[in-house]
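Chain and residue survey
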Amino acid sequence: MTRQCEKCGFVNQDDYDFCAKCGNPLIEGVQPKNFVVLKPEDYKINTKAIIISYIVTIFLSWSGFIIGLLFKNNRMAAVTFFGFFMPFYLVQSRHPTIRKHGIIQLIISLIGISLSFYVMLH
Ligand SMILES: [Zn+2]
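Residues numbered from 1 in each chain as written. Predicted model: local features only at pLDDT ≥ 70, side-chain atom pairs only at ≥ 80, totals over all residues.

1. Some thoughts on the overall build of the protein chain
Heads up, the rule is: Only DSSP runs of H or I reaching four residues or more are called helices, and only runs of E reaching two or more are called strands; each is numbered from the N terminus. Counting other C-beta atoms within 10 Å of its own, a residue is labelled buried from 20 upward, exposed at 12 or fewer, and partly exposed in the gap between, with every C-beta atom placed from the backbone. Distance between backbone-placed C-beta atoms decides contact: two residues are in contact if it is within 7 Å.
On a plain count of helices and strands, the protein chain comes out with 4 helices and 2 strands. Taken from N to C terminus, the helices and strands of the protein chain fall in the order β-β-α-α-α-α. Within the protein chain, buried positions represent 20% of all 122 residues. Considering only contacts in the protein chain between residues 6 or more positions apart, those separated by 24 or more positions represent 39%.

So, in structure tokens, the structure goes:
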């Protein structure tokens, strides 16, 4: 037997206590359950992904400086602009902790890119 919702007419499976479409109780005397809404703060942060993002940011934004120092190769400085990629992605996160890491990485990449161009111009 299927359970048809009295409120919206949606036909639900017979083991449903609440309408799948509108949430109306399908059995008398049953109160709608409180839906648990996850706040962004509740999401678990993937620590490994954060560490990888730091490595990517440092590698991309500081490689120009290191290569410029070691090999006197100036062209790498332009490549360091890719160092902005990861921080810009992170600062758009809804999660405040990830945004914080994004801002830290933005500073790291800014320093790295500045140093790369300093090496390039000197
Ligand atoms: Zn319904």
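After that view of the structure, there is still more to cover.
2. Thoughts on the packing of helix α1 (residues 47-71) against helix α4 (residues 96-121)
Cut-off, in case you're wondering: With axes taken as lines fitted to C-alpha atoms, and helix axes fitted only over the stretch in contact, angles between N-to-C directions fall between 0 and 180 degrees. Small angles under 35 degrees read as roughly parallel and large ones over 145 as roughly antiparallel, with 65 to 115 read as roughly perpendicular and the rest as oblique. In this classification, the charged set is Asp, Glu, Lys and Arg, the nonpolar set is Ala, Val, Leu, Ile, Met, Phe, Trp, Tyr, Cys and Pro, and all remaining amino acids, among them Gly, are polar.
The contact between α1 and α4 brings their axes to 7 Å, and the two run at 10 degrees. Taken together, the axes of α1 and α4 are roughly parallel relative to one another. Note on element contacts: α4 touches α1 through His101, Gln105, Ile108, Ser109, Gly112, Ile113, Leu115, Ser116, Val119 and Met120, opposite Ile50, Ser53, Tyr54, Thr57, Ile58, Ser61, Trp62, Gly64, Phe65, Gly68 and Leu69. Here the contact of α1 with α4 is composed, by residue class, of 11 nonpolar, 10 polar and no charged.

3. Some points on α4
Using the following cut-off: Helix span, as expected, comes to 1.5 Å for every residue beyond the first.
With 26 residues, α4 extends 37 Å between its outermost C-alpha atoms, agreeing within 8% with the 38 Å of an ideal straight helix rising 1.5 Å per residue. Here α4 has its buried residues at Ile98, His101, Gly102, Gln105, Ser109, Gly112, Ile113, Ser116 and Val119.

4. What about α1?
We apply this condition: To get the bend at any residue, fit one axis to the seven residues that end at it and another to the seven that begin at it, then take the angle between the two axes.
Compared with an ideal rise of 1.5 Å per residue, which puts 25 residues at 36 Å, α1 spans 34 Å between its outermost C-alpha atoms and is within 8% of the ideal. Trp62 marks where α1 bends most, by close to 45 degrees. Buried residues of α1: Ser53, Thr57, Leu60, Ser61, Gly64, Phe65 and Gly68, and no others. Lys72 occupies a position one or two residues after α1 and carries a positive phi of about 55 degrees.

5. Concerning the environment of Lys72
As for its position among the elements, Lys72 is in the loop between α1 and α2 (76-79). In this structure, the C-alpha to C-alpha distance between Lys72 and Met120, residues 48 residues apart in sequence, is 8.2 Å.

6. As for the environment of His101
Within the secondary structure, His101 is located in helix α4. When the 23 C-beta atoms within 10 Å are taken as the criterion, His101 is described as buried. In this structure, the C-alpha to C-alpha distance between His101 and Tyr54, residues 47 residues apart in sequence, is 8.5 Å. If we skip the residues at most four places from it in the chain, His101 touches Ile50 and Leu90.

Function-wise, these values are silent; they only describe arrangement.
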